[in-house]
Amino acid sequence: MILPFIFAFSLFLVNPIHGNMEITGIVYDADTGEKLPAATILIEGSYRGTITNLEGLFSITPDELPIVLTIRYIGYQSKQVPVTSETVLPLNIGLERSVTEMDEIVVTDRDPGLTIMELVIERKKLWRAGMQTYEVDAYTRQILSNDTSIVSITESSSIAYWDKERGSREVQISRRQTSNLSDDQNFAGVRYLPNFYYDNIEIAGYNVMGITHPNALRYYHFRLLETNQMDGKPVYKIEVTPRRTRQPLFEGIAWVLGRDYALLEVDLKPNDVVNFPPPVQDFNLAYKQQFSNYGGEFWLPVDMRIEGLIRIGMVGLRFPAIQFRQVSRLSDYRINVELPDSVYQSNEWLTRVNSLTTVNNRIAIEPIPLTFEETLAYETIDSTTTLEDAFKPEGFLARMATASEEREGSGIFFNVGGIIPDGISFRGRFNRMDGYHLGLNLDRRFNDGRFRVKGFSGYSFHSGYWDYGGSANVRLATAGRTGIHGFAGYENTTSSRYESEFYSMGMNSVATVLGGDDYFDYFRNEKLFTGLEVRRILPRTDLTLTARSEQHQNFEPESEFDHSWFGWHNPRRPNREIDEGRLQSIGLELGYNVTANNFGFAGKRQVVLGAEFSGNPIGSDYDFTKLTFRLDWNVQTFYKRRLFANTFDVHFSAGTYTGELPLQRFGAVDGSMNYFTPFGTLKTRRFIPYEGPNYWVATAEHNFRTIPFELIGLRPLVDRGWGIIIFGGAGYTGAGNHYPDGLMVTDGIHSEIGISLNSIFGIMRIDFAKRLDAPGTFIGISVPRYF
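Since this is a predicted model, take the numbers as computed values, not measurements.

Calculation criteria
Residues numbered from 1 in each chain as written. Predicted model: local features only at pLDDT ≥ 70, side-chain atom pairs only at ≥ 80, totals over all residues. Heavy atoms only, no water. Pairing = 2+ DSSP bridges. Helix = DSSP H or I, 4+ residues; strand = E, 2+ residues; numbered from the N terminus. Axes fitted to C-alpha atoms, helices over the stretch in contact; angles between N-to-C directions. Salt bridge = Lys/Arg side-chain N within 4 Å of Asp/Glu carboxyl O. Buried < 20%, exposed > 50% of the residue type's maximum accessible area, 1.4 Å probe, protein only. pLDDT = per-residue confidence, 0-100. Contact = heavy atoms within 4.5 Å. Arc of directions from axis to C-beta. Core = buried A, V, L, I, M, F, W, Y, C linked by side-chain atoms within 4.5 Å. Polar contact = N/O pair within 3.5 Å; in protein donor to acceptor, adjacent residues only side chain to side chain. Patch = residues over 30% accessible without salt bridge, like charges linked within 9 Å, V, L, I, M, F, W, Y side chains within 5 Å. Areas by Shrake-Rupley, 256 points an atom, 1.4 Å probe, with all protein chains shown as cover. Lys, Arg positive; Asp, Glu negative; His and termini not counted. Charge placed at Lys NZ, Arg CZ, Asp CG, Glu CD.

### Brief notes about the sheet that holds strand β9 (residues 91–95)
Consider a sheet: its strands pair through backbone hydrogen bonds, and that pairing is either parallel or antiparallel. The three strands lie next to each other as β5-β2-β9, forming an open sheet whose pairing is mixed. For this open sheet the edge positions go to β5 (57–60) and β9, each flanked by a neighbour on one side alone. For this sheet the average axis-to-axis angle between neighbouring strands, irrespective of direction, equals 30 degrees. Direction of pairing for strand β2 (residues 23–29) relative to β9: parallel, over a ladder of five bridges. Each bridged residue has a counterpart across the sheet, and for Gly 25 the counterpart in β9 is Leu 91.

### A short note on the sheet that holds strand β3 (residues 40–43)
Read across the open sheet, the four strands follow the order β4-β3-β6-β7; overall the sheet is antiparallel. Sheet topology places β4 (49–51) and β7 (79–83) at the edges, where each strand pairs with a single neighbour. Taken over all neighbouring pairs, the strand axes of this sheet differ in orientation by 20 degrees on average, direction set aside. Where β3 meets β4, three bridges bridge the pair, whose relative direction is antiparallel.

### Considering the pattern of salt bridges
Taken as a whole and assessed by the stated rule, the structure comprises 48 salt bridges. A salt bridge links Glu 155 to Arg 176; the shortest N-O distance between them is 2.8 Å. Note that Glu 155 is positioned in strand β11 (residues 150–163) and Arg 176 in strand β12 (residues 167–177), a separation of 21 residues in sequence. Here Glu 155 falls in the buried class, since its relative accessible area comes to 5%. Assessed through its relative accessible area of 41%, Arg 176 is described here as partly exposed. Salt-bridge contacts for Lys 233 lead to Asp 260; the nearest nitrogen and oxygen are separated by 2.7 Å. Note that Lys 233 is positioned in strand β16 (residues 233–242) and Asp 260 in the loop between β17 (250–257) and β18 (262–270), a separation of 27 residues in sequence. Within this structure, Arg 48, Asp 63, Glu 135, Asp 137, Asp 332 and Arg 334 form a network of salt bridges that share partners.

### With respect to the confidence of the model for the protein
If pLDDT is low for a region, its predicted coordinates should not be looked at in detail. Across the protein, pLDDT averages 88, with 92% of residues at or above 70. At the low end of the mean pLDDT range in the protein sits helix α1 (residues 2–11), at 43; at the high end sits strand β33 (residues 606–614), at 97. Note on residues 1–14: pLDDT is under 50 here. Beyond four places in sequence and across chains, it has 23 contacts. A low-confidence stretch, residues 355–363 (pLDDT under 50), is modelled with 20 contacts involving residues beyond four sequence positions or located in other chains.

### Focus on the pairing of β17
Where burial is concerned, most of β17 is hidden: seven out of the eight residues are buried. Here six bridges tie β16 to β17, and the two strands are oriented antiparallel to one another. Each residue of the ladder has a partner; that of Lys 237, found in β17, is Trp 255. Direction of pairing for β17 relative to β18: antiparallel, over a ladder of eight bridges.

### Here's the deal with the environment of Ser 152
Along the chain, the position of Ser 152 falls in strand β11. Looking at Ser 152, the relative accessible area reads 6%, which means it is buried. Separated by 452 residues in the primary sequence, Ser 152 and Lys 604 place their C-alpha atoms 38 Å from one another. Once residues within four sequence positions are removed from consideration, Ser 152 is found in contact with Gln 142, Ile 143, Leu 144, Thr 178, Asn 180, Leu 181, Ile 381 and Leu 387.

### Description of helix α4 (residues 372–380)
For α4, the full list of buried residues reads Glu 374, Thr 375, Ala 377 and Tyr 378. For α4, the angular spread of the buried residues around the axis is 155 degrees, confining them to a single face. Seen from the open side of α4, the exposed residues pointing more than 90 degrees away from its buried face are Glu 379 and Thr 380.

### Concerning the nonpolar core
Among the nonpolar cores identified, the biggest contains 66 residues, and Phe 196, Ile 211, Tyr 220, Phe 222, Val 256 and Leu 263 are the most heavily contacted of them. Ignoring sequence-local partners within four residues, the contact set of Phe 196 consists of Ile 201, Ile 211, Thr 212, Phe 250, Leu 263, Val 266, Leu 268, Tyr 287, Gln 289, Phe 291 and Met 304. Residues Ile 71, Val 83, Leu 91 and Ile 93 belong to the second largest nonpolar core, which totals 18 residues.

### Some points on the side chain of Arg 630
Its place among the elements puts Arg 630 in strand β34 (residues 623–636). Among the polar contacts listed, one links the side chain of Arg 630 to the side chain of Asp 632, at a separation of 2.8 Å. For Arg 630, the residues in contact, after removing those within four places along its chain, are Glu 501, Phe 502, Lys 604, Gln 606, Val 607, Val 608, His 651, Phe 652 and Ser 653.

### Observations concerning the environment of Val 718
Tracing the backbone shows Val 718 in helix α10 (residues 715–719). With relative accessibility at 6%, the residue Val 718 sits in the buried group. C-alpha separation for the pair Val 718 and Thr 386, spaced 332 residues apart in sequence, amounts to 35 Å. Setting aside residues up to four positions removed in sequence, Val 718 forms contacts with Thr 706, Phe 709 and Glu 710.

### Topic: a negative patch on the surface
A contiguous patch of negative charge, built from Glu 577, Asp 579, Glu 580, Asp 623 and Glu 660, is present on the exposed surface. Secondary-structure assignment places Glu 580 in the loop between β31 (541–553) and β32 (581–592). Taking the relative accessible area as the measure of exposure, Glu 580 reaches 48% and is therefore partly exposed.

### With respect to the pairing of β33
Note on strand geometry: in a regular strand, side chains alternate between the two faces of the sheet. Of the two faces of β33, only the one carrying Gln 606, Val 608, Gly 610, Glu 612 and Ser 614 is buried; Val 607, Leu 609, Ala 611 and Phe 613 on the other face are not. Taken together, the eight bridges between β32 and β33 define a ladder with antiparallel strand orientation. Residue pairing for β33: Tyr 592 is matched across the bridge by Val 607.

Quick look at the structure:
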């Protein structure tokens, strides 16, 4: 215990100031000698100040002498300390405790804390209206620790800018970090720090209403606990608790300076609503912030102190607790000055400059003194002390991963990655027509990605067919964010008779070989294609034009391969024959914000329009025009201030045609693939899709997340992140009388509703569906919806 105190006195040798303008000192309780952390030290007549570290130490460098320092600490009488060139350092500043006095607010049925905070909110409106910009020097230190010791430290000096219209920016001008981190891993700064005078404060992705928001009295309880005195004015200690149990809000203590009715300090943490689903097991954040008007009219942050802890784990895998501590000091405010336009030319909040580069003639802003533990960390942490080692997981899954890494490079199965060249990968599939298929894929990029070549080849062991083909894609031109690509290729392969919006032939291979129904029908397809793709022709919008020449051929009749690994599959349906011939067509697709299929893991906002024309004038055996449309949309509904708000998702797709559409160009309404039931499918359509030249499907679901379990008080399920989803869907396919019988079309409109238990163990959801237009229920599983 004696080492920190020896360190404190050795850090500040007794000396008069003379030519050295750095003022050092220690602040403590005058009665007990207890060091006072985060005491504020202000230079009177300026916007400059600092705070003490955890051991009560401070340093500050004025522009000139003499000056007067004002030292403040909640619950103590402020103290003014004159400093001249002859003052002996370090300063030993003992503060006297203030006397608790009677509340000056008249007691009524309404708690005085409400009245005090109401006045704080009204005063804030007045002085905030006059503040348009500011520029401030900032210093930040971030400390990362595990259960036993400090793991890393990052420090930065920066200049922060705030504009009422343009928001916040920060220029980081100097950095320092422990030797286990590189300079480009230092992102310490104040750009993301909350100002608890703001109406809304973002905490870990949650939009939390601040305690000085105009509507704060409707969302918070404010209770006066006691009244102290500082500088002849009352200081009110107010307890803050949420009125709403399902909104992200703060709880803790706020200190208010009477007569001015301004926040002096807050000690707050988010309520239990601010949390994360598994595998996060524990998540805690605490914030402390002080304010000063520096003798003026604007109440500005002096500092920000954050402490956080997060524990991550699941069955078989546990990480050490990740502990985070940050202290930031803001000093030397320049209020309502013209800010440099250069810092707002980029949308990036943080700009990093070389440590020797000057910004407005400022370099390396003065730090807060290191504590003994932090100094020791700088001396003992070297480049071998990696974050991976400091937070190395435990449990049988971690041991398995470690054993796998140790085996890497020993044996043929572990060396295969070294034998196969880059860009080469295996391909494989299984279906009832080809049987097992094995081969290789090629995917190489050249000229910095401007030119891409793909190819494949493989053999099907039951049908005896070879698949082979290749394609090339080249970037022809760019203009701003718009790029024009040309592509062409040849393929001879097995194709599915109808395209699925959700399932691939690879997914179907796994389901089929394990004994499930084969979801697709198949034909052989030899094709040439070429086209142009214009990326970002409009914001988030791509246009693709494709010309195709395809020769379609049936498999041999009754050549199905009736097989599965365990032999427990039902007899599989015959493979429907197609209309053989040559198809030549021109296709057009316009897509807005198109993203890859994620099976309902996250919401989408995309629109896709498609058209395909085929006819005798272009040498085709088929004469048709096919039109398709797809819409996916996601909107937030309730509890929008949460990181994960309640959401409503809609999927709609449809297709129609003119002429005579061949069977192999039918559209499909997807059902379940065995027991896999992702969003957008008709879950009670079991194991196969509906098909037809005319089709539509509409599905929707509302994700209530954990709210239902919160309402009924099932905290164990809430803590595990389990949620409730309500869903419904309807679909239709139809074909004219000139098409053959036995098509997989709907009998009227297929409709269903259901409920899902979401995010079970963080990895799955269970769907319980009821068919409405006919008898039938179904239970399926899918990926959980998170976003």
